[in-house]
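Working through the structure, step by step
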Amino acid sequence: EVAPENKTDPGNTASCPPVQRPRRLRRTDALRRMVRETILTVDDLIYPLFVMEGEGQQQEIPSMPGCFRYSLDLLLDEVKAAQELGIGAIALFPLIPHPQKDNFGTESYNPDGLVPRAIRAIKQTVPQMVVITDVALDPYSSEGHDGIVKDGQILNDETVAVLVKQALVQAEAGADFVAPSDMMDGRVGAIRQALDAEGWINVSILAYSAKYASAYYGPFRDALDSAPKFGDKKTYQMDAANAREALKEVDLDIAEGADIVMVKPALAYLDVINRMKKHTNLPVAAYNVSGEYAMIKAAGQQGWIDEQKVMLETLTSMKRAGANLILTYFAKAVALALRA
Ligand code: PBG
């Protein structure tokens, strides 16, 4: 690109010319690249994937066009495809058949369950892929809650005991990170202690530290058929109005042994990402959740926005806010776009 005229006709100069002309640095693509502050790369991306039982099957999630639940064999193809695009990490979420669900999330710590089998298969086929597993009861809970329910309440400490078993089974199967997303108090510390006691000192914890009670999770709950059977998650997930409380949660998770802390959702919580980044020296992750994905997809399909551009702008805003890592269903699309 040839620079347009660097010099204006003196006759056109304003009578009181500005000393600073910020537009000077925006003149050409080369200049804009020189002063660009935030660069999204494929290394920032974590690709969330849905796994289900069966063989040779993939089901598109209606509220998440372009996202599928994969049976294990096809999941491996998707993980390979992600690796070929340079994506280094995936996060696994299981669709558990209803007969295997109960109030205690018993299936969550079955060593031969869907998630442990998926971890082993991925580690066998694509050993370099970083595997992150969700620690929470909701996909396994007949109540659709992240904890054990008693008299309409979500029990904390009893739930933590199950989460510990779940994390140990995932570590045993080969998970690199366990990621507690349940928001029970004390779970990070309990999991860290149990992992260490069993010798899993190098299994890391990605803590969903500031996880909000959000309406943006709707499509994800469709994907896993995991919506709460009664009430909502407000007695354990955070109130959308609170940001200082996110720092309190982060302090606790760090003291309890978290390696990476996370804010979820991302887009409506960019201020929280920013505050968390300033507050801690740990890497900060942001979860670009299902509802954020669905909104961009829907408007893009209508032709109301340019999906590709809005996707990149949105993810760049998360990184600019301070996120070191972004979980996003757009991971493959971003990797492709960055290649071009
Ligand atoms: C469950 C969990 C949820 C998500 C990730 N883990 C849903 C919830 O808390 O109800 C949501 C992710 C998304 O919406 O993309 N522990």
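Overview of the structure. Please read these numbers as outputs of a predicted model, since none were measured by experiment.

Along its length, the protein carries eleven helices and twelve strands. In terms of overall dimensions, the protein is globule-like: its C-alpha atoms have a radius of gyration of 22 Å, near the 20 Å expected for 340 residues. With respect to the three principal axes, the spread of C-alpha positions in the protein is 80 × 45 × 40 Å. Residue burial in the protein is summarised as follows: out of 340 residues, 51% are buried. Across the protein, every contact between residues at least 6 apart in sequence was considered, and the portion connecting residues at least 24 apart equals 74%. Accessible area of the protein: about 16,000 Å², with a carbon and sulfur share of 51%. Here the protein contributes 36 positive and 45 negative side-chain charges, whose respective centroids are spaced 9 Å apart.

Under the defined criterion, the tally for this structure stands at eleven aromatic pairs. Centroid distance Phe93 to Tyr287: 6.4 Å. Interplanar angle 45°. Geometry classified as tilted. Residue Phe93 is found in strand β4 (residues 89-94), and its partner Tyr287 is found in strand β11 (residues 284-288); the two are separated by 194 residues along the sequence. Neither Phe93 nor Tyr287 differs from the other in exposure class; each is buried. Summarising the aromatic geometry, the rings of Tyr212 and Tyr269 are spaced 4.3 Å apart at their centres and angled 25° between planes, so their arrangement reads as stacked. Here the residue Tyr212 occupies a position in the loop between β9 (204-211) and α6 (218-224), and Tyr269 occupies one in the loop between β10 (260-264) and α8 (270-279), the gap between them amounting to 57 residues.

With that settled, the discussion passes to the pairing of β10. Of all five residues that make up β10, five are buried, and the element is covered over most of its length. Burial along β10 is two-sided: Ile260, Met262 and Lys264 facing one way and Val261 and Val263 facing the other are all buried. Looking at chain direction, β9 and β10 are connected through four bridges and run parallel. Its bridge partner being in β10, Ala210 is matched across the sheet by Val263. In the sheet, β10 pairs with β11 via three bridges, with the strands oriented parallel. Counterpart to Val261 in the pairing with β11 is Val284.

Another aspect to go through is the site of the ligand. Taken together, 18 residues lie around the ligand, and Ser181, Lys211, Arg221, Lys264 and Tyr329 are the ones closest in. Lys233 is positioned with one of its side-chain polar atoms (N or O) 2.7 Å from an oxygen atom of the ligand. At 2.9 Å, a side-chain N or O of Gln237 approaches an oxygen atom of the ligand. When the ligand sits alone it has 410 Å² of accessible area, and the protein chains cover 100% of it. By residue class, the composition of the shell around the ligand is eight nonpolar, three polar and seven charged.

As a further point, take the pattern of salt bridges. A side chain with one charge can pair with a side chain of the opposite charge if their charged atoms come near. Counted according to the given criterion, the structure contains 14 salt bridges. Where Asp29 meets Arg32, a salt bridge forms, and the shortest distance between an N and an O atom there is 4.0 Å. You can see Asp29 and its partner Arg32 sitting in helix α1 (residues 29-34), three residues apart, about one turn around the helix. A relative accessible area of 31% means that Asp29 is categorised as partly exposed. The class of Arg32 is partly exposed, set by a relative accessible area of 32%. Among the charged side chains, a network of salt bridges with common partners joins Asp138, Asp146 and Lys233.

All right, on to the environment of Val203 then. Structurally, Val203 is set in the loop between α5 (187-197) and β9. On the basis of relative accessibility, which here comes to 7%, the residue Val203 falls in the buried class. Distance from Val203 to Asp151, taken between C-alpha atoms, is 35 Å for residues 52 residues apart in sequence. What Val203 contacts, discounting residues up to four positions off in sequence, is Ala171, Ala175, Asp176, Val178, Arg192 and Leu195.

Turning to a nonpolar patch on the surface, a few remarks are in order. A surface patch of nonpolar side chains, about 310 Å² in accessible area, is lined by Leu25, Met34 and Val35. On the secondary structure map, Leu25 appears in the segment before α1.

On to unusual backbone geometry. Here the residue pair Lys264 and Pro265 is connected by a cis peptide bond, since its omega of -5° sits within 30 degrees of zero. Within the fold, Pro265 resides in the loop between β10 and α8. Unlike most non-glycine residues, Asp151 shows phi in positive territory, near 50°. Among the secondary structure elements, Asp151 is positioned in the loop between β6 (148-150) and β7 (153-155). Non-glycine residue Met183 carries a positive phi angle of around 70°. Along the chain, the position of Met183 falls in the loop between β8 (177-180) and α5.

Procedures and definitions
Residues numbered from 1 in each chain as written. Predicted model: local features only at pLDDT ≥ 70, side-chain atom pairs only at ≥ 80, totals over all residues. Heavy atoms only, no water. Helix = DSSP H or I, 4+ residues; strand = E, 2+ residues; numbered from the N terminus. Rg over C-alpha atoms; globule rule 2.2 N^0.38 Å. Buried < 20%, exposed > 50% of the residue type's maximum accessible area, 1.4 Å probe, protein only. Contact = heavy atoms within 4.5 Å. Areas by Shrake-Rupley, 256 points an atom, 1.4 Å probe, with all protein chains shown as cover. Lys, Arg positive; Asp, Glu negative; His and termini not counted. Charge placed at Lys NZ, Arg CZ, Asp CG, Glu CD. Phe/Tyr/Trp six-rings, centres within 6.5 Å; stacked < 30°, edge-to-face > 60°. Pairing = 2+ DSSP bridges. Near = heavy atom within 4 Å. Polar contact = N/O pair within 3.5 Å; in protein donor to acceptor, adjacent residues only side chain to side chain. Nonpolar A, V, L, I, M, F, W, Y, C, P; charged D, E, K, R; others polar. Salt bridge = Lys/Arg side-chain N within 4 Å of Asp/Glu carboxyl O. Patch = residues over 30% accessible without salt bridge, like charges linked within 9 Å, V, L, I, M, F, W, Y side chains within 5 Å.

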